[in-house]
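One-letter residues, chain by chain:
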Amino acid sequence: MTDYPQIPVRRSFSLIVSVDTTLPAVSFVNWTIQAQLRKANNNQPSGLLAELEVYPTASEDPNQLIFLLYHADTSSWPVGLVELDLAFIHPEGDHTIMTQRRTIEITRSVTRNV
């Protein structure tokens, strides 16, 4: 058993991620938010598993940003550890803020034909 969240392959991927910030959420209006899922410790092009869809969601705390990360098809993802983070890209493209990296374990799914 690991301390990492586990996601079975052959299903869609969805994960709620919260980001604590000292800046109010309004500070990120018009910023581009991107997320990638990569094989653990592999920043090479071969390590990229997916560009994740990022959906901002409501938060009652003005210093917390909450996002739904989604990918429809995990069938080609390898079993093992993967990493993700979020990149907040300024509208003028002059700087990027990165979140801390998160590790997830991709596990083998048992039920087939779903």
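Provided above is the structure to which this section pertains.
Residues numbered from 1 in each chain as written. Predicted model: local features only at pLDDT ≥ 70, side-chain atom pairs only at ≥ 80, totals over all residues. Heavy atoms only, no water.

1. Here we look at the nonpolar core
Here is step 1: Judged by nonpolar contacts, the single largest core of 24 residues is most densely connected at F13, L69 and L84.
Here is step 2: Put simply, the parts of the chain that give this core at least two residues each are β2 (13-20), β3 (32-39), β4 (48-57), β5 (64-71), β6 (80-89) and β8 (102-107).
Here is step 3: Leaving out residues up to four positions away in the same chain, L69 has contacts with F13, S14, L15, V17, A35, L52, E53, V54, L84 and L86. (Core = buried A, V, L, I, M, F, W, Y, C linked by side-chain atoms within 4.5 Å. Buried < 20%, exposed > 50% of the residue type's maximum accessible area, 1.4 Å probe, protein only. Helix = DSSP H or I, 4+ residues; strand = E, 2+ residues; numbered from the N terminus. Contact = heavy atoms within 4.5 Å.)

2. Looking at the side chain of H90
Here is step 1: Within the secondary structure, H90 is located in the loop between β6 and β7 (96-98).
Here is step 2: Engagement of the side chain of H90 in a polar contact is seen with the backbone nitrogen of E92, the distance being 3.1 Å. (Polar contact = N/O pair within 3.5 Å; in protein donor to acceptor, adjacent residues only side chain to side chain.)

3. Remarks on the pattern of salt bridges
Here is step 1: Taken as a whole, this structure holds one salt bridge when the rule is applied.
Here is step 2: R101 serves as the salt-bridge partner of E83, at 3.6 Å between the closest nitrogen and oxygen. On the criterion of sequence distance, the pair formed by E83 in strand β6 and R101 in the loop between β7 and β8 is long-range, its members being 18 residues apart.
Here is step 3: Using a relative accessible area of 11% as the deciding quantity, one classes E83 as buried. (Salt bridge = Lys/Arg side-chain N within 4 Å of Asp/Glu carboxyl O.)

4. Some points on the packing of aromatic side chains
Here is step 1: Counted by the stated rule, this structure contains four aromatic pairs.
Here is step 2: Considering the side-chain rings of F28 and W31, the 5.1 Å spacing of their centres and the 75 degrees angle between planes classify their relative orientation as edge-to-face. Like W31, F28 is buried.
Here is step 3: Taken together through their ring pairs, the aromatic side chains of F28, W31, F67 and F88 make up a single cluster. (Phe/Tyr/Trp six-rings, centres within 6.5 Å; stacked < 30°, edge-to-face > 60°.)

5. Thoughts on the environment of I16
Here is step 1: Note on placement: I16 falls in strand β2.
Here is step 2: As a C-alpha pair, I16 and L69 span 53 residues in sequence and 6.3 Å in three-dimensional space.
Here is step 3: In contact with I16, other than residues within four places in its own chain, are I66, F67 and L68.

Keep in mind these numbers describe shape, not what the thing actually does.
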